[in-house]
Amino acid sequence: MSDAFRKGARAGWADFLPMSVGLIPWAVVTGIAMRSIGLSPVEAMGMNLIVYAGTAQLGTLPLIATGAPLWLIFVTALVLNLRFVIFSAAIAPAFHDHHWARRVSASYLLVDGVFAVGADKMLGAREPEWRWGYFIAPSVWCWCLWQVFVLVGVLGAEIVPRDWSLEFMVTIALMLLMIPMARTRPMLLAAVAGGLGAVLLRDLPLRLGLFAGIAIGIASGFVAEHWQTRRAER
Amino acid sequence: MSDGLTLWLTFAAIGVTTLMTRGSFIMLGEKARLPAALHRALRYAPAAALSALVVPDILLDGGQLQPLNPKLLAAVVVVVVALRWRNPWLPFILGMGVLIALRKGLGL
C-alpha cells in the first residue's frame with residue numbers, strides 16, 4: 001500500500017463519513033421491504049449482494065411480488081439505474097489509468113453518495129493511487145454499512161416500527177450534499193430547475209419525470225454558465 | 001411470486017442493469033471520451049439529480065402538490081441548521097425531530 005493510497009483513502013473516508021449515516025435507515029427500510037413481499041432472508045440478502053442498488057431493488061419489488069415477466073423487470077431496473085450512465089461518464093476519466101480489475105470493482109461499487117461527494121476531487125487529482133484510495137475506501141465502507149443494515153432490516157422486519165418515517169434521513173442526507181454545491185449561480189439554477197422539473201413532470205410513466213427533471217436541470221446550468229462567461233467577456 | 005430458479009435469474013438480470021449502467025464509461029476507458037461540451041454539461045448532473053430526487057419528495061404528498069406538509073417544514077429546518085451551524089449531525093437530529101413532532105404530535 002503506497003503512501004498516496006493511504007492519504008487518499010483517509011481523505012475519501014472522512015469526506016463521505018457524515019453522509020453515510022443517512023444510508024442506515026434506507027438500508028433498514030430496504031431490508032424490511034424485501035421481506036414484506038415474501039422473500040426469505042437468504043433470498044433477500046442474495047438480491048442485496050447481487051444487485052447492490054437500493055432504488056432498483058425497491059422499484060422492482062412490486063413486479064417480483066406479482067410475478068411480472070423477466071423482460072419487464074429488466075427494463076424497469078434499467079430505467080431506474082439510467083442515472084448511473086451519467087455518473088459513469090462523468091467519473092470515468094478518474095479510472096482511465098487503472099487496471100481492468102479495478103474498473104470492474106468500481107462498476108459494481110459506484111453509488112450515488114460516493115459519486116456526489118467525491119467526483120470533483122477525484123477528477124482534479126493527478127496521483128492515480130491517491131485517486132483510487134479516495135474512491136475505494138468510502139465505497140467499501142458504504143458497501144459494508146449497506147449489507148449490515150439491510151441484514152438488520154431483513155432480520156428485524158417484524159419488530160422495527162414502520163411509522164417513524166426513518167427514510168426521511170436519506171432526504172436530509174441528500175439535501176446536505178446539495179447545499180455546498182449550490183454556491184455558484186449556474187449550479188443553484190441547475191438544482192432549482194431539476195427539482196421543479198421533476199415535480200411538474202411527475203406523471204410521466206416509468207419514472208421518466210425524474211430523468212426529464214435531471215436533463216432540464218443540467219441544461220439550465222449549462223446555459224446559465226454559457227451566458228455568465230459571455231457577459232464576463234464583454 | 002416467482003419462485004426458486006426464476007427468482008435468482010431475476011436478481012441476476014437486475015444486477016446486470018446495475019453493472020451495465022455503472023460500468024458503461026468506466027469500462028470503455030480511453031476508447032470512449034465524451035465531447036468537451038457534454039462533459040461540461042455533466043458537471044451539473046449531481047446537483048440536478050439530487051434535487052430531482054429530493055424536491056418531489058418534500059413537495060408532494062400522495063402525488064399531489066402539498067406546499068405545507070411536515071416534510072417540507074422539516075426540510076426548511078434542515079437547510080437553516082446546515083447553513084447556520086457546522087455540526088454534521090445537528091441537521092439529522094433536528095430535521096427528524098421536527099418531522100416526528102409534526103406527524104405524531106400534531107397528527108399532520
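Residues numbered from 1 in each chain as written. Chains lettered and ligands numbered in written order. Predicted model: local features only at pLDDT ≥ 70, side-chain atom pairs only at ≥ 80, totals over all residues. Heavy atoms only, no water.

A count of helices and strands for chain A gives 12 helices and 0 strands. For a compact globule of 234 residues, the expected C-alpha radius of gyration is about 17 Å, and chain A comes in at 19 Å, within 12% of that figure. When its C-alpha atoms are laid out on the principal axes, chain A stretches across 65 × 50 × 35 Å. Counted over contacts in chain A with a minimum sequence separation of 6, partners at least 24 positions apart contribute 78%. Roughly 10,700 Å² of accessible area belongs to chain A as shown, and the carbon and sulfur atoms make up 69% of that amount. (Helix = DSSP H or I, 4+ residues; strand = E, 2+ residues; numbered from the N terminus. Rg over C-alpha atoms; globule rule 2.2 N^0.38 Å. Contact = heavy atoms within 4.5 Å. Areas by Shrake-Rupley, 256 points an atom, 1.4 Å probe, with all protein chains shown as cover.)

What follows is about the pattern of salt bridges. All names here are of chain A. Within this structure, the stated rule accounts for 5 salt bridges over all chains. Here lysine 7 ties to aspartate 3 by a salt bridge, and the two come within 3.4 Å at their closest N and O atoms. Of this pair, lysine 7 and aspartate 3 both sit in helix H1 (residues 3-20), 4 residues apart, roughly one helical turn. The class of aspartate 3 is partly exposed, set by a relative accessible area of 46%. We note a salt bridge from aspartate 15 to lysine 121, for which the minimum N-O separation is 2.6 Å. Here lysine 121 lies in helix H8 (residues 112-124) and aspartate 15 lies in helix H1, a separation of 106 residues in the sequence. With a relative accessible area of 44%, lysine 121 lands in the partly exposed category. (Salt bridge = Lys/Arg side-chain N within 4 Å of Asp/Glu carboxyl O. Buried < 20%, exposed > 50% of the residue type's maximum accessible area, 1.4 Å probe, protein only.)

Quick look at the packing of aromatic side chains now. Residues and elements named next belong to chain A. Within this structure, the stated rule accounts for 9 aromatic pairs over all chains. Judged by centre distance (6.3 Å) and plane angle (80°), the rings of phenylalanine 95 and tryptophan 132 are edge-to-face. One end of the pair, phenylalanine 95, is in the loop between helix H6 (83-91) and helix H7 (100-109); the other, tryptophan 132, is in helix H9 (residues 128-155), and 37 residues separate them in sequence. A single burial state applies to phenylalanine 95 and to tryptophan 132, both of which are buried. (Phe/Tyr/Trp six-rings, centres within 6.5 Å; stacked < 30°, edge-to-face > 60°.)

Moving on, we get to the nonpolar core. Within the largest apolar cluster, 70 residues are counted, with the highest numbers of intra-cluster contacts made by A:Met34, A:Leu39, A:Met47, A:Ile91, A:Phe95, A:Phe135 and B:Ile14. Tallying contributions element by element places H9(A) first for this core, with 9 residues. Beyond its immediate stretch of four places on either side in the chain, A:Met34 contacts A:Leu39, A:Ala44, A:Met47, A:Asn48, A:Gln57, A:Leu61, A:Val150 and A:Val154. Grouped together as the second largest cluster of nonpolar side chains are 14 residues, A:Met187, B:Ala41, B:Ala45 and B:Ala52 included. (Core = buried A, V, L, I, M, F, W, Y, C linked by side-chain atoms within 4.5 Å.)

Take the domain arrangement of chain A next. Entries for chain A in the domain assignment read domain 1 (3-177) and domain 2 (182-234). Computed from C-alpha coordinates alone, the two centres of domain 1 of chain A and domain 2 of chain A are separated by 25 Å. (Domains from an automatic or database assignment.)

Here the focus is the UniProt feature "transmembrane region" (unreviewed entry) in chain B. UniProt records the feature "transmembrane region" (unreviewed entry) for residues 6-29 of chain B in the present numbering. Secondary structure across residues 6-29 of chain B divides into 96% helix and 0% strand, with the first and last C-alpha atoms of the span separated by 34 Å. (UniProt positions renumbered as here; feature names shortened; annotations may be inferred.)

This part takes up the interface of chain B and chain A. Chain B puts 71 residues into the contact, and the matching count from chain A is 84 residues. Taking both partners together, chain B and chain A bury about 6,800 Å²; carbon and sulfur atoms supply 77% of that area. Linking chain B with chain A are 15 residue pairs in polar contact (both at pLDDT 80 or more), by the criterion used here. Mapped onto the side of chain B that touches chain A, the elements with two or more residues apiece are helix H1 (4-28), helix H2 (36-42), helix H3 (45-59), strand S2 (64-65), helix H4 (70-84) and helix H5 (90-105) of chain B. Sorting elements by how many residues they give to the side of chain B that touches chain A places H1(B) first, with 22 residues. A breakdown of the residues in the side of chain B that touches chain A according to their chemical character gives 48 nonpolar, 14 polar and 9 charged. (Buried area = accessible area lost by both parts, 1.4 Å probe. Polar contact = N/O pair within 3.5 Å; in protein donor to acceptor, adjacent residues only side chain to side chain. Nonpolar A, V, L, I, M, F, W, Y, C, P; charged D, E, K, R; others polar.)

Now for the domain arrangement of chain B. Domain boundaries in chain B define domain 1 (1-33) and domain 2 (36-108). Using only C-alpha atoms to locate each centre, domain 1 of chain B and domain 2 of chain B end up separated by 31 Å.

Phi at A:Tyr52 is positive, roughly 45°, even though this residue is not glycine. On the secondary structure map, A:Tyr52 appears in the loop between helix H3 (41-51) and helix H4 (54-65).

A separate point is the side chain of B:Lys71. Considering the arrangement of structural elements, one finds B:Lys71 in helix H4. The exposure class assigned to B:Lys71 is buried, which follows from its relative accessible area of 16%. One polar contact links B:Lys71 to B:Asp57, side chain to side chain, over a distance of 3.0 Å. Once residues lying within four places of it in the same chain are set aside, the contact partners of B:Lys71 are A:Phe168, B:Asp57, B:Ile58, B:Leu99 and B:Arg103.

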